[in-house]
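# Coordinate inspection notes
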Amino acid sequence: MYDIIVIGAGTAGLTASIYGRRANKNVLVLEALSYGGQIINTLSIENYPVEENISGMEFATRIYNQAKNLGAEIKFEKVVELKKENNVFIVKTTKNSYEAKTVVIATGNKSRKLNIDKEDSLLGKGISYCGTCDGAFFKGKDVAVLGNGNTAVEDALYLAGLANKVYLVSRNSALNAEEVEVEELKKKSNVEIIFNSSVSKIIGEEKLEGIEIVNKENDSKTLNIDGLFIAIGRIPDNGIFASLADLDESGYIIAGEDCKTKTPGLFVAGDTRTKEVRQLVTATSDGAIVISEIIKYLNRDGSDKNV
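What this report covers is the structure whose coordinates are included nearby. The written sequence of each chain sets the order in which its residues are numbered from 1. Side-chain atom pairs in this predicted model are given and counted only at pLDDT of 80 or more, local residue features only at pLDDT of at least 70, and totals for whole chains, interfaces and linings cover all residues. Hydrogens are left out, water is left out, and the side-chain values use all remaining heavy atoms of the structure.

## Some thoughts on the pattern of salt bridges
- Salt bridges are defined as contacts in which a side-chain nitrogen from Lys or Arg sits within 4 Å of a carboxyl oxygen from Asp or Glu. Counted according to the given criterion, the structure contains 19 salt bridges.
- With a shortest N-O distance of 3.2 Å, lysine 262 and aspartate 246 are connected by a salt bridge. Taken together, the residues span a long stretch of sequence, with lysine 262 in the loop between strand S16 (234–235) and strand S17 (266–268) and aspartate 246 in the loop between S16 and S17 at a distance of 16 residues.
- In this scheme, a residue with accessible area under 20% of its type's maximum is buried, one over 50% is exposed, and one in between is partly exposed, where area comes from a 1.4 Å probe on protein chains only. Overall, lysine 262 belongs to the partly exposed group, its relative accessible area being 43%.
- Judged by relative accessible area, which is 37%, aspartate 246 ranks as partly exposed.
- One salt bridge in this structure joins arginine 273 and aspartate 286, with 2.9 Å as the shortest N-O distance. Remark: aspartate 286 occurs in helix H6 (residues 280–299) and arginine 273 occurs in the loop between S17 and H6; sequence separation between them is 13 residues.
- Taking relative accessible area as the criterion, arginine 273 reaches 1% and is therefore assigned buried.
- Taking relative accessible area as the criterion, aspartate 286 reaches 1% and is therefore assigned buried. Numbering goes from the N terminus for both helices and strands, where a helix is a DSSP run of H or I of at least four residues and a strand is a run of E of at least two.

## Observations concerning the side chain of lysine 118
- Looking at where lysine 118 falls in the secondary structure, it is placed in the loop between strand S7 (110–111) and strand S8 (127–128).
- In terms of polar contacts, lysine 118 uses its side chain to reach the backbone carbonyl oxygen of glycine 204, at 3.0 Å.
- Residue contacts follow a heavy-atom distance rule, with two residues in contact if any of their heavy atoms lie within 4.5 Å. Those residues in contact with lysine 118 that lie beyond four places of it in its chain are Ile127, Ile202, Gly204 and Glu205. Here a polar contact is recorded for every N or O atom pair within 3.5 Å, except that within protein the pair must consist of a potential hydrogen donor and a potential acceptor, and residues adjacent in sequence are included only if both atoms are side-chain atoms.

## Things to note about the sheet that holds strand S12 (residues 197–203)
- Ordered by their spatial adjacency, 3 strands build an open sheet running S12-S13-S14, and the pairing between neighbours is antiparallel. Both outer strands of the open sheet, S12 and strand S14 (220–223), are each paired with one neighbouring strand and no more. Strand-to-strand twist across the sheet, computed as the mean angle between neighbouring axes with direction ignored, equals 25°.
- Two strands are said to pair when DSSP picks up at least two bridges between them. Across 6 bridges, S12 lies against strand S13 (residues 210–215) in antiparallel orientation. Residue pairing in the sheet places lysine 201 in a bridge with glutamate 212 of S13. Only the stretch in contact is used when a helix axis is fitted, and all axes are lines through C-alpha atoms; the angle between N-to-C directions ranges over 0 to 180 degrees.

Here it is as structure tokens:
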């Protein structure tokens, strides 16, 4: 039996595993996809203390290696069920079943979809949710980025260095991103920002050929593009935890700054919990706090008292 099972190997989950091992607890981290979470898609991180400029992949790899070197056990298995029986958590994956005294949910969130026709069928055939991951496939071509926040602007900036033409399509009348990056984007001669518009139709059968956009006056326009990068936000995927943790209307796990859920011994850290700010520094903060709370819980013999 493990002292701590961490579900998710993003920044919060790996930080929790580091602090857990430093507290001499045996820790298992379970990750469905790749370590690092969404930060691996970020080309350059410039707002994390100590590191003035580091790629998301290098940042994630350093945390991953630190956790491994401290003795955290990390397995790439998708969790499909979580339950608690006789004060023990049972975590089932697609491959195995594990037991633990405590569990940390650190599953982050996933890309939000447009939910329109052909979005799924043309995924990987011109449609992508990650500009830095797939941008190289569109060198010298015309592309569009759909979104309004930091991710959309970062994707557009990255693609501007590769593509012939980049359209940034925003539902709003202004971009909600860091001003320094917005200003940098405006300097790009091959970038055109289209405000107050949304995608109404995806064009193409075997591959993406274009999109139809419509503005608030209901005027439509066709953009002939080879690539569409959807960056309209992210959403949590916490359905399998709903029996043990309360979810808000958006699907985030309800927990305060102590990272406690309604179930004693079950904690949540990082972007998947209810919080005002979702940044690397708040993810690492959660990772440290959650282990502090777990140590208190375990020192009370893991009782089911709400402490």
